[in-house]
Amino acid sequence: MPPIFLQWLSLVAMILLQSINGTNSNFPAYSSQLKHLLSMSQIQLNNLAFASDAGKLFGWLSGIAANYLPMWLVLILGSCLGLVGYGVQHLFLIGRVSNLPYGAIFFLAMLAGNSICWINTVCYLVAIRNFPLDGQLVIGLTGSYQGLSAKIYTDIVDVIYPSSDVKRARAYLLLSSILPLIVSVINAPLVRVIKVMKTKRAKDAFIFILVITIATGAFAVMGSIGSTSSLLSPFASAVGMLTLLLAPLLIPLGLGLRHQINQLAEEKVHIEEINNVSMDKMESGVKLDISEIRSESPSESFELSFSSTNEEFNGEIRESNNGDDRISETNEVISVIEEIGVKVMLRRLNFWLYFFVYLFGVTLALVFFNNLGQIAESRGRSASSLVSLSSSFGFFGRLVPSIVEYFVSRRKYMISRPAFVVALMAPTGAAFFLLLANDTSVLWLYISTAIIGVCSGAITTISVSLTTELFGTKNFGVNHNVLVVNIPIGSLLFGYLAAVVYHKEGNAEGKCFGMECYRKTFSLWGTLCFIGTFLALILYARTRKFYNSQRS
């Protein structure tokens, strides 16, 4: 196979892997049923949501494994962790496993949450190594599909069990256990590193895949609206989503076909040149030495045509089965404020500003999404529709920074990422206060969920580049993992407070109905988010000089 084909096929594999890797986002869709089936309190249920986030505390294990094991093996190991974590819970719900204590369920939830890190690690490493000039773009683009996971799982469950809540809860756990493993096994041969010796951006291919991605997000939003207004049937939504997920295959197929056509054309021209030389010599009466013709090696011809063809896309490429192969230097230089390690970073004011901005923004949004099941229950609405909506708009949010970076950076204009974060934090805080609107049609619930999904998704993507610019590239892996420690911390703290309020306002059965269930919680979350906006503004002021210097 042409290496250009394998390089872009690896991108398609990353898209498929990320699209089913957000299994933790399914939790609110079945959390209420899990609570009732296992007779848990709201606080115990919240602890399970925390357990899934706590699995990220051990995400560094996947990084170590990737240093010593092949990519395909790291991928399979991660999906097997999810198989055990979600699979045993599923067996417990259907009665195949009995007497499973709460502590064991907590551990299984944490194991399942950790499995996500392994698949992410493989996708990040392959993206950076296979697309060295556009690594950030590829990471943001493929990572956006993870925000679509809940929508994909919901589409499948809607087709299988459209009405039974108990069966739907079991189906979510079953799919979360087996689907990542199936997709990982299928794509394991494709997540190999293609060594890039010299690169040139494939602009047409990236624009095409961005168009497909935007179309996928638009269809997801339409499907989310359709789940509440019958614009699309569940089957039509599922088939349409599958078609759009497979659409990026057209890119490697097209590039591979074009490579083969150009190669054949080059070989044809080469043969004609040999024939012309032969005819010239015969016409001049000179005897043609057959060895002279053979001296023009076919392998040399192939090498020349192959190099010139790939130069049009991503330069000269060689396939590599070893993930540790080094990539030659490119001309792209990432500007950073300072290159520091984690010990020095922890003494920087910029880090703590950044830490609390993330805590009061992305982490707070994640807690909100984890509680969507109970929020929907309190308003008498379906959790699946809200989960699908948050997933669809979260997908667009994750994608927006990649689109902006691809087109704006080509015009040599440096966007201040702290300013971008400020612009995203303010609407998030406003959305929490919109949730207090006493609207019997729950219109503001859907609007606020969409806003929070877009803004938090965008900040998640921006954070990868922002960590690099603030603290450097050499220790990015450790530095960013230290930053996201606030996710399990915030999940425990904010989720616990929400559970206490919900339990206090609820009835004897532990259920809560009406606006009062989350009124205090939304007020607190909105206030914290506006505090985070103010901290982001301070971070922007402290880094403005650096970003202004990049524009000049």
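In this text, all values refer to a predicted model and were calculated from it rather than measured experimentally.

Quick look at the overall build of the chain
- Within the chain, the secondary structure is distributed over 23 helices and 2 strands.
- Within the chain, counting contacts between residues at least 6 apart in sequence, those at least 24 apart form 85% of the total.
- Entry remark: accessible area of the chain is about 24,000 Å², with carbon and sulfur atoms responsible for 64%.

Considering the packing of helix α16 (residues 349-370) against helix α19 (residues 417-434)
- Following both chains from N to C, one finds α16 and α19 inclined at 45 degrees, their axes separated by 11 Å at the closest point. Taken as axis vectors, α16 and α19 run oblique relative to one another. Remark: the crossing between α16 and α19 carries left-handed chirality. For the pair formed by α16 and α19, the contact residues are V357, F360, G361, L364 and F368 on the first element and V421, M425 and F432 on the second.

Looking at the packing of helix α8 (residues 149-160) against helix α11 (residues 234-246)
- Between α8 and α11, the shortest axis-to-axis distance is 8 Å and the interhelical angle comes to 140 degrees. One way to sum up the angle between α8 and α11 is to call them oblique. Considering the relative orientation of α8 and α11, their crossing is left-handed. In contact with K151, I152, D155, D158 and V159 of α8, α11 contributes P234, F235, S237, A238, M241 and L245.
- Considered class by class, the residues forming the contact of α8 with α11 number 7 nonpolar, 1 polar and 3 charged.

So, the environment of I4
- Mapped onto the elements of the fold, I4 is located in helix α1 (residues 3-19).
- Through-space distance from the C-alpha of I4 to that of I194 is 8.7 Å; in sequence the pair is 190 residues apart.

Some thoughts on the state of the cysteines
- All chains considered together, the criterion is met by 0 disulfides.
- Its sulfur unpaired, C455 is 8.5 Å from the next cysteine sulfur, which belongs to C529.

Thoughts on a nonpolar patch on the surface
- Taken together, the side chains of L57, F58, W60, L61, I64, Y68, L69 and L77 make up a nonpolar region of the molecular surface, amounting to roughly 770 Å² of accessible area.
- Of the residues forming the nonpolar patch, the biggest block, 4 residues, is contributed by helix α4 (residues 60-68).
- Structurally, the position occupied by L69 is in the loop between α4 and α5 (71-93).
- A relative accessible area of 32% means that L69 is categorised as partly exposed.

As for the confidence of the model for the chain
- For the chain, the average pLDDT comes to 79, and 82% of its residues sit at 70 or higher.
- Scored below 50 in pLDDT, residues 290-333 makes 86 contacts in the model with residues more than four places away or belonging to other chains.

A few points about helix α6 (residues 102-130)
- Compared with the 42 Å implied by 1.5 Å per residue over 29 residues, the 43 Å span of α6 between its first and last C-alpha is a close match.
- The buried fraction of α6 amounts to 21 of the 29 residues, a majority that puts the element mostly inside the structure.

A short note on the nonpolar core
- Counting 132 residues, the largest nonpolar core has W8, F368 and W525 as its most contacted members.
- Both of domain 1 (1-274) and domain 2 (337-551) provide at least three residues apiece to this core.
- Contact partners of W525, with chain neighbours within four places excluded, come to L364, V367, F368, N371, F432, F494 and A498.
- Core analysis: the second largest hydrophobic core is formed by 5 residues, A51, A54, A109 and M110 among them.

A closer look at α11
- With 13 residues, α11 ought to run about 18 Å at 1.5 Å a step, and its terminal C-alpha atoms sit 19 Å apart, in line with that.
- Of the residues making up α11, those classed as buried are S237, G240, M241, L244 and L245. Seen end-on, α11 carries its buried residues on one side only, within an arc spanning 135 degrees. Residues of α11 that are exposed and point more than 90 degrees away from the buried face comprise F235 and T243.

Some points on the side chain of Q89
- Structurally, Q89 is set in helix α5.
- A relative accessible area of 7% places Q89 in the buried class.
- The contacts of Q89, once residues within four sequence positions are left out, are I105, L108, A109 and L173.

Examining the environment of A220
- With respect to the helices and strands, A220 occurs in helix α10 (residues 203-229).
- Residue A220 is classed as buried on the basis of its relative accessible area, which comes to 0%.
- For A220 and S392, which are 172 residues apart along the polypeptide, the C-alpha to C-alpha distance reads 5.4 Å.
- Those residues in contact with A220 that sit more than four places away from it in its chain are L148, K151, M241 and S392.

Re the side chain of S62
- Looking at the secondary structure, you find S62 in helix α4.
- In this structure, S62 is in contact with V74, C117, W118 and T121, ignoring residues within four places of it in sequence.

Cut-off values and rules
- Residues numbered from 1 in each chain as written.
- Predicted model: local features only at pLDDT ≥ 70, side-chain atom pairs only at ≥ 80, totals over all residues.
- Heavy atoms only, no water.
- Helix = DSSP H or I, 4+ residues; strand = E, 2+ residues; numbered from the N terminus.
- Contact = heavy atoms within 4.5 Å.
- Areas by Shrake-Rupley, 256 points an atom, 1.4 Å probe, with all protein chains shown as cover.
- Axes fitted to C-alpha atoms, helices over the stretch in contact; angles between N-to-C directions.
- Parallel < 35°, antiparallel > 145°, perpendicular 65-115°, else oblique.
- Left-handed = near helix turned anticlockwise from the far one by under 90°.
- Nonpolar A, V, L, I, M, F, W, Y, C, P; charged D, E, K, R; others polar.
- Disulfide = S-S within 2.5 Å.
- Patch = residues over 30% accessible without salt bridge, like charges linked within 9 Å, V, L, I, M, F, W, Y side chains within 5 Å.
- Salt bridge = Lys/Arg side-chain N within 4 Å of Asp/Glu carboxyl O.
- Buried < 20%, exposed > 50% of the residue type's maximum accessible area, 1.4 Å probe, protein only.
- pLDDT = per-residue confidence, 0-100.
- Expected span 1.5 Å × (residues − 1).
- Core = buried A, V, L, I, M, F, W, Y, C linked by side-chain atoms within 4.5 Å.
- Domains from an automatic or database assignment.
- Arc of directions from axis to C-beta.

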